[in-house]
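A look at the structure
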Amino acid sequence: MAQWVLVENNQIKEYHDLLPKNWQQYSGFNLSADDLPFLKSLGWYKVRKNPENYNPYTQRLTGYNYVIHENDVEEIPIIENMSEEEVTANRQSRYNSHLWQIRQHRNRLLQITDYTQVLDMQDKFTEQQKQNILAYRQALRDITANINEFNFENSTITWPTDTENLFDPNLN
């Protein structure tokens, strides 16, 4: 993914992200970035990017081809299709990552409400509040029950509501 290339004898000799500060007898060469005719006279061309239109779930970017034109060099992405096994592994990896993120958030919410399960705290809640707390914590534990590897990308997580204000620091 070069931004600049040096062309000699109609072949690319060097690839650069930035113009060098010094090149041959020129100091401050990088300051010439806006003077494209001057750079072209020395063999330096700006690289024109082509959009990388591909499906990252079924294809992969493996590199770039460069085509020399009269006024610039075109960068063309090389895109390959993944094998069926790679597509499956990629999907499984995304699914596992998705579940991990949900579980991390769920575990934090459960941790915040753990104090409600200590015997010393039980007398601070009415029976209705205790039932609400149990329902809330169970709903958190069940949050991933309806997510599977076939629907995870389109599923919407509806987090249970903390009806008892368990996040209120005054209760801790």
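Located above this text is the structure these notes cover.
So, here's what we can say about the structure. For clarity, every value in this text was computed on a predicted model and none was experimentally measured.

Reading the values: the criteria
- Residues numbered from 1 in each chain as written.
- Predicted model: local features only at pLDDT ≥ 70, side-chain atom pairs only at ≥ 80, totals over all residues.
- Heavy atoms only, no water.
- Phe/Tyr/Trp six-rings, centres within 6.5 Å; stacked < 30°, edge-to-face > 60°.
- Helix = DSSP H or I, 4+ residues; strand = E, 2+ residues; numbered from the N terminus.
- Buried < 20%, exposed > 50% of the residue type's maximum accessible area, 1.4 Å probe, protein only.
- Pairing = 2+ DSSP bridges.
- Axes fitted to C-alpha atoms, helices over the stretch in contact; angles between N-to-C directions.
- Parallel < 35°, antiparallel > 145°, perpendicular 65-115°, else oblique.
- Left-handed = near helix turned anticlockwise from the far one by under 90°.
- Contact = heavy atoms within 4.5 Å.

Things to note about the packing of aromatic side chains
For the coordinates displayed, the defined rule picks out eight aromatic pairs. Seen in terms of ring centroids, tyrosine 15 and tyrosine 66 are 5.1 Å apart; in terms of plane orientation they differ by 55°. Their pairing is tilted. A residue pair is termed long-range when its members are at least 10 positions apart, and tyrosine 15 in strand S2 (residues 11-16) and tyrosine 66 in strand S6 (residues 59-68) qualify at 51 residues. For tyrosine 15, a relative accessible area of 47% corresponds to the partly exposed category. Arranged with centres 6.0 Å apart and planes meeting at 40°, the rings of tyrosine 26 and phenylalanine 29 form a pair that is tilted. Residue class for tyrosine 26 comes out partly exposed when judged on its relative accessible area of 26%. Exposure remark for phenylalanine 29: the relative accessible area of 1% places this residue in the buried category. A network of ring pairs unites the aromatic residues Trp23, Tyr26, Phe29, Phe38 and Trp44 as a single cluster.

Section: the sheet that holds strand S5 (residues 44-49)
A sheet is described by the order of its strands in space; here five strands give the open sequence S2-S1-S5-S7-S6, paired in mixed fashion. Every interior strand has two partners, whereas the edge strands, S2 and S6, have only one. With direction set aside, neighbouring strand axes in the sheet form an average angle of 35°. For S6 and strand S7 (residues 73-81), the ladder comprises nine bridges, and the chain directions are antiparallel. The partner of leucine 61 across the bridge, within S7, is isoleucine 79.

Details of unusual backbone geometry
In this structure, asparagine 10 takes a positive phi of about 60° despite not being glycine. Tracing the backbone through its elements, the reader meets asparagine 10 in the loop between strand S1 (4-8) and S2.

A word on the packing of helix H2 (residues 84-113) against helix H4 (residues 127-141)
Helices that pack against each other are described as a pair by the angle of their axes relative to one another and the distance between those axes. At a minimum axis separation of 9 Å, H2 and H4 run at an interaxial angle of 160°. One element, H2, and the other, H4, form an angle in the roughly antiparallel class. Where H2 crosses over H4, the handedness of that crossing is left-handed. Along the contact surface, H2 presents Arg106, Leu109, Leu110 and Thr113, while H4 presents Tyr136, Arg137, Leu140 and Arg141.

Remarks on the pairing of S5
As defined by bridge partners, S1 adjoins S5 across three bridges and the pair is classed as antiparallel. The residue of S5 that forms the bridge with tryptophan 4 is lysine 46. In the sheet, S5 pairs with S7 via three bridges, with the strands oriented parallel. Note on S7: the bridge partner recorded for valine 47 is valine 73.

Fair warning: the whole summary comes from geometry, so function is off the table for now.
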